[in-house]
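# Overview (structure and organization)
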Amino acid sequence: MNNNLYLYDFDGTITAENSFIDFIDWHSGKVKTKLSQIVLAPWMYLFPSSKRKKNCKNKLLKRHFQGIKEQEFNRLCKKYAFERLPEIVMPDALHSIKEHIEGNGDVFIVSSSLPNYIKPFFSQYDLEVIGSEVDFINGNIALTLDCSFEEKVNQIKKRIKLENYHEIHVYGNSSQDDAMMKLGTHTYYQLFALVGFD
């Protein structure tokens, strides 16, 4: 096993936009997305805890994808991955990922956003994706795991034997990454962008 592990946050670290909001915007249009954000503003901005964020994400998913079938949702995610994500992924971040892969590093994307569109985008890269999870229960979409804050660390430890690595390099950009950053022997905050966001 390679001695170096590289953990990258996705939104704001690899991308120039919050991909979860951008995905909804891409699907529903700017007007509907902005309206949803206004309606859910108390949850999004007044109570920035992990539980509130999960509730807010669930409300957004249900408002914009209510009744969608799993196959259709994944089709939309793949379409978004190929059509839109290339426009918001920052070239310097992508170059960094490629360099570490070519150097035989073990690379993981650890995101509070959805692997449903992150994985297709990185399908040609030798890396793993850890992220939030959705399920389709009785025809309704639901966020069953919000991979943010401390949950990022929980999911990393479930998937990765950290003791196998001599160096752990962690890339983040916001308070959602603070717990994950503490795992690193080397940390990089807002390395590829000037502004961080949750």
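Note: the structure precedes this text.
Let us look at the structure shown here. (Residues numbered from 1 in each chain as written. Predicted model: local features only at pLDDT ≥ 70, side-chain atom pairs only at ≥ 80, totals over all residues. Heavy atoms only, no water.)

## Some words on the sheet that holds strand 3 (residues 128-130)
Going by this rule: Note on pairing: two strands pair once DSSP finds at least 2 bridges between them. For helices the rule is a DSSP run of H or I covering at least 4 residues; for strands it is a run of E covering at least 2, with both sets numbered from the N terminus onward. Where helices are involved, their axes are fitted lines through C-alpha atoms of the stretch in contact, as for all axes, and angles between N-to-C directions lie from 0 to 180°.
With parallel pairing, the 5 strands of this open sheet are ordered in space as 3-2-1-6-7. Looking along the sheet, the strands with just one partner apiece sit at the ends: strand 3 and strand 7 (186-189). Ignoring which end each strand starts from, the neighbouring axes of this sheet average 20 degrees apart. Here strand 1 (residues 4-8) runs beside strand 2 (residues 106-110); their pairing, made up of 4 bridges, is parallel. In the sheet register, Tyr-8 faces strand 2, and the bridge partner there is Ile-109.

## With respect to the side chain of Gln-176
To keep things clear, this is the line we draw: Counted as a polar contact is a pair of N or O atoms within 3.5 Å, where, for protein atoms, one must be capable of donating a hydrogen and the other of accepting one, and residues adjacent in sequence contribute only when both atoms are in side chains.
In this fold, Gln-176 is placed in the loop between strand 6 (167-172) and helix 10 (178-181). A polar side-chain atom of Gln-176 sits 3.3 Å from a polar atom in the side chain of Ser-112.

## Describing the side chain of Gln-155
Convention followed: The criterion used for residue contact is that any of the two residues' heavy atoms lie within 4.5 Å.
Mapped onto the fold, Gln-155 is located in helix 9 (residues 150-159). Beyond its immediate sequence surroundings of up to four residues, Gln-155 is in contact with Ile-130, Leu-145 and Cys-147.

## Quick look at the packing of helix 1 (residues 19-28) against helix 5 (residues 70-83)
Rules: Under this scheme an angle from 65 to 115 degrees is roughly perpendicular, one under 35 degrees roughly parallel, and one over 145 degrees roughly antiparallel; angles in between are oblique. Three residue categories are used. Nonpolar comprises Ala, Val, Leu, Ile, Met, Phe, Trp, Tyr, Cys and Pro, charged comprises Asp, Glu, Lys and Arg, and polar comprises the others, including Gly.
Where helix 1 contacts helix 5, the two axes come as close as 11 Å, and the packing angle between them is 105 degrees. What the angle tells us is that helix 1 and helix 5 run roughly perpendicular. Facing Ser-19, Asp-22, Phe-23, Trp-26 and His-27 of helix 1, the residues of helix 5 in contact are Phe-73, Leu-76, Cys-77, Lys-79, Tyr-80 and Glu-83. Looking at the contact of helix 1 with helix 5 residue by residue, the class counts come to 6 nonpolar, 2 polar and 3 charged.

## What to know about the nonpolar core
Keep this limit in mind: Among the buried residues, those of types Ala, Val, Leu, Ile, Met, Phe, Trp, Tyr and Cys that are joined through side-chain atoms within 4.5 Å form a nonpolar core. When accessible area is computed with a 1.4 Å probe and restricted to protein chains, residues below 20% of their type maximum are described as buried, those above 50% as exposed, and intermediate ones as partly exposed.
Among the nonpolar cores identified, the biggest contains 42 residues, and Phe-73, Ile-109, Tyr-117 and Phe-122 are the most heavily contacted of them. Top element by residues in this core is helix 5. It accounts for 5 residues. Core analysis: the second largest hydrophobic core is formed by 17 residues, Phe-108, Ile-160, Tyr-165 and Met-181 among them.

## Let's talk about helix 1
For helix 1, a buried count of 8 out of 10 residues is recorded, marking the element as mostly surrounded by other parts of the structure. Every buried residue belonging to helix 1 is among Ser-19, Phe-20, Ile-21, Asp-22, Phe-23, Ile-24, Asp-25 and Ser-28, and all of these are buried. Where helix 1 begins, one side-chain oxygen reaches toward the backbone nitrogen of Phe-20, 3.0 Å away; that side chain belongs to Asn-18.

## Here's the deal with the environment of Pro-120
With respect to the element layout, Pro-120 can be found in helix 8 (residues 115-121). By relative accessible area, Pro-120 is classed as buried at 11%. It is 7.7 Å that separates the C-alpha atoms of Pro-120 and Phe-82, two residues lying 38 residues apart in sequence. Not counting residues up to four positions away in its chain, the partners in contact with Pro-120 are Lys-78, Ala-81, Phe-82 and Pro-115.

## Quick word on the environment of Ile-68
Looking at where Ile-68 falls in the secondary structure, it is placed in the loop between helix 4 (50-65) and helix 5. By relative accessible area, Ile-68 is classed as buried at 13%. Along the primary structure Ile-68 and Phe-136 are separated by 68 residues, whereas in three dimensions their C-alpha atoms are 8.6 Å apart. If we skip the residues at most four places from it in the chain, Ile-68 touches Phe-73, Leu-76, Phe-136 and Gly-139.

## So, the pattern of salt bridges
Stated precisely, the cut-off is as follows: Salt bridges are defined by distance alone: a side-chain nitrogen of Lys or Arg within 4 Å of a carboxyl oxygen of Asp or Glu.
Per the counting criterion, the structure on display carries 8 salt bridges. Note that Glu-83 and Lys-79 form a salt bridge whose closest N and O atoms lie 2.7 Å from each other. Of this pair, Glu-83 and Lys-79 both sit in helix 5, 4 residues apart, which is roughly one turn of that helix. A relative accessible area of 43% means that Glu-83 is categorised as partly exposed. For Arg-84, the salt bridge is made with Glu-87, and the minimal N-O distance between the two is 2.7 Å.

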